[in-house]
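So you can see what is in the structure, the chains are spelled out below.
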Amino acid sequence: MTELGHYVAGRLRANKIRRFFTVAGDYIMTLLDQLVEGGLDMTCCCSELGAGYAADGYSRESGNISCLVVTYGVGAMSVVNCVAGMFSEDVPCVVLVGCPKLDSSHPLVHHSVSRTFQQGRCFEEITCEVLNIDSVEQLPLFDCAISKAVSCSKPVLVQIGCNLFKEHVNFVGHPRALSVSGAFTMNVPRRGFTIYCRNLIQPTRQSTNLNTHTHTHARTHTHTHTHTRTHTHTHTH
């Protein structure tokens, strides 16, 4: 038996996800602790949008699926731009959103927009899957969402009710993790572009050293010239 959040961490690690990007929020505090306890590295960012672009860059550079964890409402709405960018650029990412209890009553709680607001609908056109987990029995669908993100090379949105994080689950069989390399074929030219950009920095560093050397040489030359003038003045005297 394990807690739901630890199960999620295990499934992410099984799919080669070693790090997640986040901004701490009220509906994900428990989940963040569980993901770290489950062996994932956490990168806290200054804003959800920055966290989203960090996850985007992580996928492009590593060639693996990435993970973005944000809170309900303000957090999820803040990552719409970067998730849309990942969708258009074929970047796989699991976007985990901690939500208030998911039920049909739609109570007005912190970060709520209205009783009729359905956050997932905002992501339907910019993800290949929107999954709402409102019971432990739906948890095996989490693996299906990861598989779809890998096979389609697109982001997926997984919303989990925060009331479930401490629930104990017991799943014996786990689906085999998919290989990302076959789906994420666009990574190679992106890595090449990254290396190209890094190489552009090298001449700048060399010129900086050259300027320092020239400046030092000029100071030495000035010192020598001054010494010569002083010697000549002493000799004349």
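Residues numbered from 1 in each chain as written. Predicted model: local features only at pLDDT ≥ 70, side-chain atom pairs only at ≥ 80, totals over all residues. Heavy atoms only, no water.

A few points about the sheet that holds strand S2 (residues 19–22)
We count it as follows: For two strands to count as paired, DSSP must find a minimum of two bridges between them. Strands are runs of DSSP state E lasting at least two residues, helices are runs of H or I lasting at least four, and both sets are numbered from the N terminus onward. For every element, the axis is a line fit to its C-alpha atoms; helices are fit only across the contacting stretch, and the angle between N-to-C directions ranges from 0 to 180 degrees.
Within the open sheet, the six strands sit side by side as S3-S2-S4-S5-S7-S6. Their pairing is parallel. Whereas interior strands pair on both sides, the edge strands pair on one side only; in this sheet they are strand S3 (41–44) and strand S6 (130–133). Across the sheet, the axes of successive neighbouring strands diverge by a mean angle of 25 degrees, strand direction being ignored. Across seven bridges, strand S5 (residues 93–99) lies against strand S7 (residues 155–161) in parallel orientation.

Here's the deal with the nonpolar core
Soluble, globular proteins show a tendency: their nonpolar side chains are buried together. This is how it is decided: Residues enter a nonpolar core if they are buried and are Ala, Val, Leu, Ile, Met, Phe, Trp, Tyr or Cys, with the set joined through side-chain atoms within 4.5 Å. Three labels apply to residues, based on accessible area from a 1.4 Å probe with only protein chains included: buried if under 20% of the type maximum, exposed if over 50%, partly exposed otherwise in between.
If you look at the biggest cluster of nonpolar residues, it comprises 33 residues, and the most contacted ones within it are Leu12, Leu96 and Phe142. Elements supplying a minimum of two residues to this core: helix H1 (4–14), helix H2 (29–37), strand S4 (66–71), S5, S6, helix H6 (141–152) and S7.

A few points about the confidence of the model for the protein chain
Basically, it comes down to this: Scored from 0 to 100, pLDDT records how confident the predictor is in each individual residue. Any two residues whose heavy atoms approach within 4.5 Å are treated as being in contact.
Per-residue confidence for the protein chain gives a mean pLDDT of 78; residues scoring 70 or more make up 65%. Under a pLDDT of 50 for its full length, residues 178–183 has, in the predicted model, 12 contacts with residues more than four places off or in other chains. This model gives residues 200–214 a pLDDT under 50, and the stretch forms zero contacts once residues within four places in sequence are excluded.

Concerning the pairing of S6
Where we set the bar: Here is how to tell: hold the view so the strands point away, follow the path from the first strand over the helix to the second, and if it runs clockwise the crossover is right-handed.
The two faces of S6 differ: Leu131 and Ile133 on one face are buried, but Val130 and Asn132 on the other face are not. Two elements, S6 and S7, share four bridges in a ladder whose sense is parallel. In the strand pairing of S7, Ile133 is matched with Ile160. Note on the crossover from S6 through H6 to S7: the handedness is right-handed.

What about the pairing of S4?
In terms of burial, S4 is a largely internal element, six of the six residues being buried. Burial along S4 is two-sided: the residues Ser66, Leu68 and Val70 and Cys67, Val69 and Thr71 are all buried. In the sheet, S4 pairs with S5 via six bridges, with the strands oriented parallel. The partner of Val70 across the bridge, within S5, is Val97.

A few points about helix H3 (residues 48–62)
Given 3.6 residues per helical turn, the α-helix brings residues three or four places apart onto the same face. Defined as follows: To estimate how far a helix should extend, the number of its residues minus one is multiplied by 1.5 Å. Directions pointing from the helix axis toward each C-beta atom define the arc.
Compared with the 21 Å implied by 1.5 Å per residue over 15 residues, the 21 Å span of H3 between its first and last C-alpha is a close match. Taken together, the buried positions of H3 are occupied by Glu48, Ala51, Gly52, Ala55, Asp56 and Ser59. Taken end-on, H3 shows its buried residues confined to a sector of 145 degrees, consistent with a single buried face. With its phi angle positive at about 80 degrees, Gly63 sits one or two positions after the end of H3.

Some words on the state of the cysteines
Applied cut-off: The disulfide definition used here is simple: a pair of cysteine sulfur atoms within 2.5 Å.
As enumerated under the stated definition, the model contains zero disulfides in all. No disulfide involves Cys44; its nearest neighbouring cysteine sulfur is the one of Cys45, lying 7.4 Å away.

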